[in-house]
Amino acid sequence: MEQDSRLYTVTVYTENEVGILNQISIIFTRRNLNIWSLTVSSSALEGVHKFTIACRTTQKNIEAVVHQIEKRIDVLKAFYYTDDEIIYQEVALYKVQTDNILDSPDFEALIRRNSAQVLEINRTYTVIQKTGHCEDTQRLYDELSSYGVLQFVRSGRVAITKSTAERVSRFLEMQEVRERKTMTENA
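A few points on the structure.

About the cut-offs
- Residues numbered from 1 in each chain as written.
- Predicted model: local features only at pLDDT ≥ 70, side-chain atom pairs only at ≥ 80, totals over all residues.
- Heavy atoms only, no water.
- Axes fitted to C-alpha atoms, helices over the stretch in contact; angles between N-to-C directions.
- Helix = DSSP H or I, 4+ residues; strand = E, 2+ residues; numbered from the N terminus.
- Parallel < 35°, antiparallel > 145°, perpendicular 65-115°, else oblique.
- Left-handed = near helix turned anticlockwise from the far one by under 90°.
- Contact = heavy atoms within 4.5 Å.
- Salt bridge = Lys/Arg side-chain N within 4 Å of Asp/Glu carboxyl O.
- Buried < 20%, exposed > 50% of the residue type's maximum accessible area, 1.4 Å probe, protein only.
- Pairing = 2+ DSSP bridges.
- Patch = residues over 30% accessible without salt bridge, like charges linked within 9 Å, V, L, I, M, F, W, Y side chains within 5 Å.
- Areas by Shrake-Rupley, 256 points an atom, 1.4 Å probe, with all protein chains shown as cover.
- Phe/Tyr/Trp six-rings, centres within 6.5 Å; stacked < 30°, edge-to-face > 60°.
- Lys NZ or Arg CZ within 6 Å of the ring centre and 35° of its normal.

### Some remarks on the packing of helix H1 (residues 20-30) against helix H2 (residues 59-70)
Interaxial distance between H1 and H2 falls to 10 Å at its minimum, and their mutual angle equals 150°. Viewed along their axes, H1 and H2 adopt a mutual orientation that is roughly antiparallel. Helix-helix and strand crossings are classified by hand; for H1 and H2 the assignment is right-handed. Of the residues in H2, those touching H1 at Ile24, Ile27 and Phe28 are Val65, Gln68 and Ile69.

Structure (C-alpha cells):
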C-alpha cells in the first residue's frame, strides 16, 4: 500500500437498475482496490439511490475511480470525501449468552459506558446494538468477548456531508438548466 494512502468515502448516486452494483465493484477490482465497506439505500431524492463506499487508497487512485464510475450510464454523479468532510456512523449487533451476563455486576456499566442498547433478552441470548465509528464498535466487541460473543455483525458506513446542500442536487439542477437552454436554442 502506498504511503499517502488514506480512507476515502465515495458516494455514488444512481438510478435503481439491475447490475449497477456489479459495474461499480468491477471498477474497484480492476484497480486492485479493496472495498472496506459498502451500503446502498434510497436517497433524499425520489428515484435516486445512494451507494456509500469506503476504500483505503491514494487521492490519485480515488479520483480515477470516481471518474470511471461516472462513465456508467445509470450513474448520475459520484463524489469522494475524506473523514473530515462527512459525518459517518455504522451499526453493530452483538449476541451473547444470557446466562453469561445475568450474574455479572459489570455488564450494565459496560453497556452504559459504551452508549449501547439492549435490543432483546430471552433465556438463551441477549442482543446488543451499538452505533459509532468502526473503532467504537470494535472496542465493544473486544469488551464483550469475555462474555462469549455468539454472533457479531457490523454494517457498512453510512455518511452525509457536512455541507448544507446535497452536492448531487446542485448537479441535477445545473443539468436541468442546461437541458432547458438547449431546448430553447433548438426551438
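The discussion continues.
### Observations regarding the pattern of salt bridges
Applying the stated criterion across every chain yields a total of six salt bridges. Between Asp83 and Arg157 there is a salt bridge, with its nearest N and O atoms 2.7 Å apart. Pair noted here: Asp83 is in the loop between strand S4 (75-81) and strand S5 (86-97) and Arg157 is in the loop between strand S8 (149-154) and strand S9 (158-161), with a separation of 74 residues, a long-range link. Assessed through its relative accessible area of 26%, Asp83 is described here as partly exposed. The buried category is assigned to Arg157, whose relative accessible area is 4%.

### Looking at the pairing of S9
The alternating pattern of S9 places Ala159 and Thr161 on a buried face and Val158 and Ile160 on a face that is not buried. In terms of strand pairing, S5 meets S9 through four bridges, oriented antiparallel. Following the sheet pairing, Tyr88 is matched in S9 by Ala159.

### Side note on a nonpolar patch on the surface
Together, Val91, Leu93, Leu119 and Val153 make up an exposed nonpolar region whose accessible area comes to about 300 Å². Looking at where Val91 falls in the secondary structure, it is placed in strand S5.

### Focus on the packing of aromatic side chains
What the rule picks out here adds up to six aromatic pairs. When the ring of Phe79 is compared with that of Tyr81, the centres are 6.4 Å apart and the planes differ by 35°; the resulting orientation is tilted. Overall, the relative accessible area of 6% leaves Phe79 in the buried class. Where Phe107 meets Tyr147, the ring centres are 5.5 Å apart and the plane angle is 80°; that geometry is what we call edge-to-face. You can see Phe107 sitting in helix H4 (residues 107-113) and its partner Tyr147 sitting in the loop between helix H5 (134-144) and S8, a full 40 residues away along the chain. Each of the two residues, Phe107 as well as Tyr147, counts as buried. Of the aromatic side chains, those joined through ring pairs into one cluster are Tyr13, Phe79 and Tyr81. Directly above the ring of Tyr125 sits Lys95, whose terminal nitrogen or CZ lies 4.3 Å from the centroid. Positioned over the ring face of Tyr88 is Arg157, at 3.7 Å from the centre of the ring.

This is a description of form; function is not addressed.
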